[in-house]
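In case you want the letters, here they are:
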Amino acid sequence: VSLQMMKYAWDNYKRYAWGLNELKPISKQGHSSNLFGNIQGATIVDALDTLYIMEMKEEFEEAKEWVEKNLDFNVNAEISVFEVNIRFVGGLLSAYYLSGEEIFRKKAVELGEKLLPAFNTPTGIPWALLNIKSGIGRNWPWASGGSSILAEFGTLHLEFVHLSHLSGNPVFAEKVMNIRKVLSRLDKPEGLYPNYLNPSSGQWGQHHVSIGGLGDSFYEYLLKAWLMSDKTDEEGKKMYYDAVQAIETHLIRKSSGGLTYIAEWKGGLLEHKMGHLTCFAGGMFALGADGAPSDKTGHHIELGAEIARTCHESYDRTSMKLGPEAFRFDGGVEAIATRQNEKYYILRPEVIETYMYMWRLTHDPKYRQWAWEAVEALEKHCRVDGGYSGIRDVYSNHESHDDVQQSFFLSETLKYLYLLFSEDDLLPFEHWVFNTEAHPFPILRKEDGSKEEKEK
Ligand code: DMJ
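Residues numbered from 1 in each chain as written. Predicted model: local features only at pLDDT ≥ 70, side-chain atom pairs only at ≥ 80, totals over all residues. Heavy atoms only, no water.

1. Thoughts on the UniProt feature "active site" (unreviewed entry) in the protein chain
Moving on, step 1. Taken from the UniProt record, the annotation "active site" (unreviewed entry) applies to E83, D216, E325 and E350.
Moving on, step 2. Tracing the sequence through the fold places D216 in helix α9 (residues 216-228).
Moving on, step 3. Of the residues examined, D216 reaches a relative accessible area of 12% and is grouped as buried.
Moving on, step 4. In this structure, D216 is in contact with A151, S210, I211, L277 and F280, ignoring residues within four places of it in sequence.
Moving on, step 5. Take E325: it is sitting in the loop between α12 (297-316) and β14 (326-328).
Moving on, step 6. Among the residues examined, E325 registers a relative accessible area of 13% and is labelled buried.
Moving on, step 7. Excluding residues within four positions of it along the chain, E325 makes contact with G275, H276, E342, Y344 and R348. (UniProt positions renumbered as here; feature names shortened; annotations may be inferred. Helix = DSSP H or I, 4+ residues; strand = E, 2+ residues; numbered from the N terminus. Buried < 20%, exposed > 50% of the residue type's maximum accessible area, 1.4 Å probe, protein only. Contact = heavy atoms within 4.5 Å.)

Shown next as structure tokens:
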């Protein structure tokens, strides 16, 4: 079914928005997000590996041809370093590793080089925004005291390590190892990492901590950096398990109805709200269970299972059976959005992502059932004449569509669904690590390094 869904999403994108970043499935035209500046083709690059994995060969070839002829980084554009890294660099890297086609390696390295000026700050903590023509960077005007964002500068590590591996140029890995160094040296309030860090002073901004937006994938990349290094990156490992310990103590709570959730921490006070984005953490805890101290393995799997259950409840308690952007555990509600501007669903993957990890790691059939419920809801409420669209209010009885088919729907949501209903030997966890946009990267084996040394 996810194959049919992919075909439908892709065909419509091709028909109405080919070469543009995303599709507006109601107005049947292209959608440009300023996250990518003038760089075009986000859906194509994000979808490459999904097309490959689903064996949609013709579509993969036409996508490759578009990349060869049209993907151009010599544009005057201010881009989000994080978004371009996870979607474009990540998409190109995994397309290269899966297909072996040189063009993807070349484009990934070329783009990586364009991102390097973002690191020209006093601390080496990169800017959020970069003009890739002038090389001038800056931060989001809304970010606390001119800070860079943890989830943004903390989500470059996997891609940059692979860029160094594939280009032979150590500069990429050096940049992200320096981010690590800055972070590991800083004092952390209660062992937690605030979402804001000033790249000039090297000091934290507001003490807000989140495992959802602004924080999320930083934690994910600590764990995955260790896994991707063939478990040699001991610093990444330690930082991950220490962070999880602090998160458990200060952010994880159980509702009176028995639902485990991850709250947001604001200078010591808890906001009892959990974002859809935070739901990825169920999969992360389960994936990290194996490396936890032996008496904690079962506990981390259990934590993953509880988060999966809570996020399923957030879907089940809506009329459309799709989860809201954020849900709360206060004012007499549990796992329900109470604010109008938190009731939307934009085709996000995190809940299905967690089902996929839980399925692979436990084989409890309920995860496939839950994923199936999501498939039915997507087909019923998000599929429209011109593709798939997000929904403005998942508690309403009639759909109000937001008219955007997000590129991560093709790279993540549909890929995770496909993996969930495939055998475990398709992209097995022993060999592959998924970046935060669901682009698979191979684990870099210890032996590879020593073999290269010997050959020298
Ligand atoms: C994606 O771009 C990535 O999963 C990112 O980590 C968070 N936001 C979207 C999906 O919701």
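And the narrative resumes.
2. Some details on the site of the ligand
Moving on, step 1. The environment of the ligand is made up of I86, R87, L277, R348, P349, E350, F408, E412, T436 and E437.
Moving on, step 2. Burial of the ligand by the protein amounts to 91% of the accessible area it has alone, namely 290 Å².
Moving on, step 3. When residues of the shell around the ligand are traced back to their parent elements, those giving at least two are α4 (81-99) and α15 (407-420).
Moving on, step 4. Considered class by class, the residues forming the shell around the ligand number 4 nonpolar, 1 polar and 5 charged. (Near = heavy atom within 4 Å. Areas by Shrake-Rupley, 256 points an atom, 1.4 Å probe, with all protein chains shown as cover. Nonpolar A, V, L, I, M, F, W, Y, C, P; charged D, E, K, R; others polar.)

3. Describing a nonpolar patch on the surface
Moving on, step 1. A cluster of nonpolar side chains, V1, W372 and F421, forms an exposed patch at the surface whose accessible area comes to about 280 Å².
Moving on, step 2. With respect to the helices and strands, the residue F421 is situated in the loop between α15 and β17 (432-434). (Patch = residues over 30% accessible without salt bridge, like charges linked within 9 Å, V, L, I, M, F, W, Y side chains within 5 Å. Salt bridge = Lys/Arg side-chain N within 4 Å of Asp/Glu carboxyl O.)

4. A closer look at the UniProt feature "binding site: Ca(2+)" (unreviewed entry) in the protein chain
Moving on, step 1. In the numbering adopted here, UniProt assigns the feature "binding site: Ca(2+)" (unreviewed entry) to T436.
Moving on, step 2. Turning to its location among the elements, T436 is positioned in the loop between β17 and β18 (440-442).
Moving on, step 3. With sequence-adjacent residues up to four places away left out, T436 is seen in contact with I86, T155, S217, E220, Y221 and E412.
Moving on, step 4. Of the polar contacts made by the side chain of T436, one reaches the side chain of E220; its length is 2.9 Å. (Polar contact = N/O pair within 3.5 Å; in protein donor to acceptor, adjacent residues only side chain to side chain.)

5. Points about α4
Moving on, step 1. The terminal C-alpha atoms of α4 lie 26 Å apart, and with 19 residues this matches the ideal 27 Å at 1.5 Å per residue to within 8%.
Moving on, step 2. The sharpest bend along α4 comes to roughly 30 degrees, located at G90.
Moving on, step 3. Immediately downstream of α4, the backbone of G100 shows phi near 75 degrees, a positive value. (Expected span 1.5 Å × (residues − 1). Bend = angle between axes of the 7 residues up to and from the residue.)

6. With respect to the pattern of salt bridges
Moving on, step 1. Taken as a whole and judged by the stated rule, the model has 29 salt bridges.
Moving on, step 2. Here E65 and K69 are joined by a salt bridge, their closest N and O atoms 2.8 Å apart. With E65 and K69 both in helix α3 (residues 57-70) and 4 residues apart, this pair spans about one turn of that helix.
Moving on, step 3. You can call E65 partly exposed: its relative accessible area is 41%.
Moving on, step 4. Residue class for K69 comes out exposed when judged on its relative accessible area of 60%.
Moving on, step 5. A salt bridge links R87 to E83, with the shortest nitrogen-to-oxygen separation between them at 2.9 Å. In this pair, R87 and E83 both sit in helix α4, 4 residues apart, roughly one turn of the helix.

7. Focus: the sheet that holds strand β12 (residues 269-271)
Either a parallel or an antiparallel arrangement is found when strands of a sheet pair, and the pairing is made through backbone hydrogen bonds.
Moving on, step 1. On the basis of which strands lie adjacent, the open sheet formed by 3 strands has the order β8-β11-β12 and antiparallel pairing. A single partner strand is all that each edge strand has here, and the edge strands are β8 (208-209) and β12. (Pairing = 2+ DSSP bridges.)

8. Here we look at α15
Every α-helix winds through 3.6 residues per turn, so residues three or four apart in the chain are directed the same way.
Moving on, step 1. Taking 1.5 Å of rise per residue, the 14 residues of α15 would be expected to cover 20 Å, and the 20 Å separating its terminal C-alpha atoms lies within 8% of that figure.
Moving on, step 2. Of all the bends found along α15, the most pronounced is centred on L414 and spans about 25 degrees.
Moving on, step 3. In terms of burial, α15 is a largely internal element, 14 of the 14 residues being buried.

9. Quick look at the packing of helix α1 (residues 2-17) against α3
Moving on, step 1. Two elements in contact, α1 and α3, have axes whose closest approach is 12 Å; the angle formed by their N-to-C orientations is 40 degrees. Crossing of α1 against α3: the hand is left-handed. Taking contact as the criterion, the partners of K7, W10 and K14 in α1 are, on α3, E59, E62 and A63.
Moving on, step 2. Here the contact of α1 with α3 is built from residues that sort into 2 nonpolar, no polar and 4 charged. (Axes fitted to C-alpha atoms, helices over the stretch in contact; angles between N-to-C directions. Left-handed = near helix turned anticlockwise from the far one by under 90°.)

10. A look at unusual backbone geometry
Moving on, step 1. A positive phi angle, near 55 degrees, is found at H363, a position not held by glycine.
Moving on, step 2. Position of H363 among the secondary structure elements: in the loop between α13 (350-362) and α14 (366-382).
Moving on, step 3. Residue classification places H363 among the partly exposed residues on the basis of a relative accessible area of 38%.
Moving on, step 4. The backbone phi angle of D403 is positive, close to 70 degrees, even though this residue is not glycine.
Moving on, step 5. Its place among the elements puts D403 in the loop between β16 (387-388) and α15.
Moving on, step 6. Taking the relative accessible area as the measure of exposure, D403 reaches 13% and is therefore buried.

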